[in-house]
Amino acid sequence: MKKTALILIAILFFAFNSEAQKYITKTGKISFFSDGPLEKIEAKNNKVNSALDTKSGMFVFKVLMKSFVFEKALMQEHFNENYVESDKYPLSVFKGKITNIKDIDFTKEGSYNAEVEGSLTIHGKTNPVKANGKFIVSANSVNGKSSFTIKLADYNIEIPGVVAGKIAEEILISVDIDLKPLK
């Protein structure tokens, strides 16, 4: 009987312990900004799915491309139909790892610098990405923030000739996620 109770306690301890190391959100925020000679283009997406395993440092984002919202409806239409072809490539995915995981104490409240690297897939094309950011650990959440730049050509996103040279070939991507413990 004692043996069974000890085994049960050990199983519950490990289950609880591993659960507390995983954080998720379905309401993360990603925005992008492009400052070209013709026009500034900005879009926001507040429906980003993300998961973080604080023990291994594994980090994943899934972004539905049609969830990006633009100030002008015509920009949103061109983005989905002509640039990222959202019907053909509905998701953007980042899979990566925090490379300086030993410098971040997810059990202690505070702000920690982070280095993340992994692979980013947009428009069916995958490329390596490295970014610096920050994790802000609080009692009930982990907030992650980062900004990095990508080149549209690296993801086979073509700029039509009629606007070539008038739209920026690089975009700034900003990430702001508030992850909650997996329950």
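Visitor: Can you help me understand the overall build of the protein chain in this one?
Guide: A count of helices and strands for the protein chain gives two helices and nine strands. Overall, the protein chain shows an N-to-C arrangement of helices and strands of α-β-β-β-β-α-β-β-β-β-β. In the protein chain, 59% of the contacts between residues at least 6 apart in sequence involve partners at least 24 apart.

Visitor: Just to check I follow, could you spell out the side chain of Asn 100 for this structure?
Guide: One can find Asn 100 in the loop between strand E5 (91–98) and strand E6 (110–122). Reaching out from Asn 100, the side chain makes a polar contact with the backbone oxygen of Asn 113 at a distance of 3.1 Å. Non-local contacts of Asn 100, meaning those with residues more than four positions away in its chain, are made with Asn 113, Ala 114 and Glu 115.

Visitor: So what exactly am I meant to see when it comes to the packing of aromatic side chains here?
Guide: Both the distance between ring centres and the angle between the ring planes are used here to describe each pair of aromatic rings. A complete count under the given rule lists nine aromatic pairs for this structure. Geometrically, the ring pair formed by Phe 70 and Phe 79 is tilted, given 5.0 Å between the ring centres and 50 degrees between the ring planes. Both residues of the pair, Phe 70 and Phe 79, count as buried. Here the aromatic cluster, defined as three or more aromatic residues joined through ring pairs, consists of Phe 59, Phe 61, Phe 94, Phe 106 and Phe 135.

Visitor: Please clarify how unusual backbone geometry should be interpreted in this entry.
Guide: Across residues other than glycine, the phi torsion is negative in most instances, and most of the peptide bonds are trans. Phi is positive for Glu 85, which is not a glycine, with a value near 50 degrees. Here Glu 85 lies in the loop between helix H2 (73–83) and E5. Notably, Asn 156 is not glycine yet its phi reads approximately 55 degrees, a positive angle. Mapped onto the fold, Asn 156 is located in the loop between strand E8 (142–151) and strand E9 (170–181). You can call Asn 156 partly exposed: its relative accessible area is 46%.

Visitor: What should I look at first to understand the pairing of E5 in this one?
Guide: Within a regular beta strand, the side chains point alternately toward one face of the sheet and then the other, so they alternate between its two faces. For strand E3 (residues 58–64) and E5, the ladder comprises seven bridges, and the chain directions are antiparallel. When the bridges of E5 are listed, Met 58 appears paired with Lys 97. In this sheet, E6 lies alongside E5 in antiparallel orientation, the contact comprising six bridges. Counted as the bridge partner of Lys 95 is Ser 119 from E6.

Visitor: Could you clarify how one ought to interpret the pairing of E8 in this entry?
Guide: Across five bridges, strand E7 (residues 125–137) lies against E8 in antiparallel orientation. In the strand pairing of E8, Lys 134 is matched with Lys 145. A loop of four residues connects E7 with E8, the two strands running antiparallel in sequence.

Reading the values: the criteria
All residue numbers refer to positions counted from 1 along the written sequence of the respective chain. Per-residue local features are limited, in this predicted model, to residues with pLDDT of at least 70; the limit for side-chain atom pairs, both in listing and counting, is 80 or more; totals at the level of whole chains, interfaces and linings are taken over all residues. Remark: hydrogens and water are excluded; side-chain values derive from all non-hydrogen atoms of the structure. Helix and strand assignments come from DSSP, with helices taken as H or I runs of at least 4 residues and strands as E runs of at least 2, each series counted from the N terminus. In what follows, residue pairs with any heavy atoms lying within 4.5 Å of each other are defined as contacts. Two N or O atoms count as a polar contact when they lie within 3.5 Å, although within protein this holds only if one can serve as hydrogen donor and the other as acceptor, and sequence-adjacent residues are included solely when both atoms are side-chain atoms. Within 6.5 Å between ring centres, the rings of Phe, Tyr and Trp (the latter by its six-membered ring) count as paired, and their orientation is classed by plane angle as stacked under 30 degrees, edge-to-face over 60, tilted in between. Residue burial is assigned from relative accessible area. The probe radius is 1.4 Å, only protein chains are included, and a residue is buried under 20% of its type maximum, exposed over 50%, and partly exposed in between. Here a strand pair is declared whenever DSSP counts at least two bridges between the two strands.

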